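Each chain is listed here by its residues.
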Amino acid sequence: AYPYKSPSIGFLNRIYHPNVDEMSGSVCLDVLNQSWSPMFDLSNIFEVFLPQLLLYPNPTDPLNEEAAALMMRDRNLYDQRVKEHSAKYAKSELEGRKQEDESSSDEISDDEYSSCEEEMTDHTDP
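Analysis parameters
- Residues numbered from 1 in each chain as written.
- Predicted model: local features only at pLDDT ≥ 70, side-chain atom pairs only at ≥ 80, totals over all residues.
- Heavy atoms only, no water.
- UniProt positions renumbered as here; feature names shortened; annotations may be inferred.
- Helix = DSSP H or I, 4+ residues; strand = E, 2+ residues; numbered from the N terminus.
- Buried < 20%, exposed > 50% of the residue type's maximum accessible area, 1.4 Å probe, protein only.
- Contact = heavy atoms within 4.5 Å.
- Polar contact = N/O pair within 3.5 Å; in protein donor to acceptor, adjacent residues only side chain to side chain.

(A) Representation of the UniProt feature "active site" (unreviewed entry) in the protein in the model. In the numbering used here, UniProt assigns the feature "active site" (unreviewed entry) to Cys28. Its location among the elements puts cysteine 28 in the segment before helix 1 (30-33). With relative accessibility at 13%, the residue cysteine 28 sits in the buried group. Every residue in contact with cysteine 28, bar those within four places of it in the chain, is listed here: Asn19, Asn33, Leu53, Asp61 and Leu63.

Put into structure tokens, the structure is as follows:
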């Protein structure tokens, strides 16, 4: 139903953020969940809305209550936990992909595309 209904947006790798469910990758973003307009497009989401959410979390409306509580209680420890998650999940994932890309020049098969689509359909917003 896009663009009349908002797209479902989520992260495939684990991210430690008050407005992102750490296990499912679902994103709690008001513009997607409540105030979507067909005038928005995917570039708005990826160039404006998501970067703003990542830079300015809203711990008062969390999907990850632990991250929200830690952010409000001890910002330095929260920042450290974010860096740990990034080092453990994001960087190792990027390094793994880089090694895969270097070792294989095969194109992605249709089966691999469908599995990625299936994963994303499981990441619905509440």
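(B) Layout of the side chain of serine 6. By the element assignment, serine 6 lies in the segment before helix 1. One polar contact links the side chain of serine 6 to the main-chain carbonyl oxygen of leucine 32, over a distance of 2.7 Å. If we ignore the near neighbours within four places in the chain, the residues touching serine 6 are Leu32 and Trp36.

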